[in-house]
Amino acid sequence: HLVESGGGLVQAGDSLRLSCAASGRFLSSYAMTWFRQAPGNEREFVASIARGLGSTAYADSVKGRSTISKDNAKNTVYLQMNSLKPEDTAVYYCAANNRFGISRDPRHYDYWGQGTQVTVSS
């Protein structure tokens, strides 16, 4: 249902745009969220966009450097990340839920993509 792309190996200070292609009516009915997980760490919230008009929320660690957006016509959610830091290195996952709205708890999400690796070198 969810397919991420756009990850890669970049240098500190660079930018990346991650994409999450969704099937069906996800964007109109589900809150869409990006999580990330680094080796040895728990999965952590990055950014979320609500269904409908699409209010947004960000983790403090990425606020001001990242923008989540969606294109309903393309059924795609984006995460634009700027001024990347080595600590942004992780597998980034797209997730969807239609019960809790914007939520920072990964347990609230029913659908997950396979993840895309982002590696930031110093």
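Our structure is the block above this text.
Residues numbered from 1 in each chain as written. Predicted model: local features only at pLDDT ≥ 70, side-chain atom pairs only at ≥ 80, totals over all residues. Heavy atoms only, no water.

**Things to note about the pairing of strand E8 (residues 76–81)**
Where we set the bar: Accessibility here uses a 1.4 Å probe with only protein chains present; expressed as a share of the type maximum, an area under 20% marks a residue as buried, one over 50% as exposed, and anything in between as partly exposed. In DSSP terms, a helix is any run of H or I states spanning at least four residues, a strand is any run of E spanning at least two, and both are numbered starting from the N terminus. Strands qualify as paired when DSSP identifies two bridges or more between them.
Across the 6 residues of E8, 5 count as buried, placing the element largely inside the fold. With 6 bridges joining them, strand E3 (residues 16–22) and E8 adopt antiparallel strand pairing. Paired with cysteine 20 across the bridge in E8 is valine 77. Two elements, strand E7 (residues 66–71) and E8, share 6 bridges in a ladder whose sense is antiparallel. Paired with serine 69 across the two strands is tyrosine 78, which belongs to E8. Linking E7 back to E8 in an antiparallel pair, the connection comprises 4 residues, with asparagine 75 at a positive phi of about 50°.

**Here's the deal with the sheet that holds E7**
Spelled out, the test is: Note on method: axes are straight lines fitted to C-alpha atoms, helices fitted across the in-contact stretch only, with angles between N-to-C directions ranging 0 to 180 degrees.
The sheet built from 4 strands is open, its strands ordered E1-E3-E8-E7 with antiparallel pairing. Since the sheet does not close on itself, it has two edges, and those belong to strand E1 (2–5) and E7, each with one partner. Taking the axes of each pair of neighbouring strands and ignoring which way they run, one obtains an average angle of 15° across the sheet.

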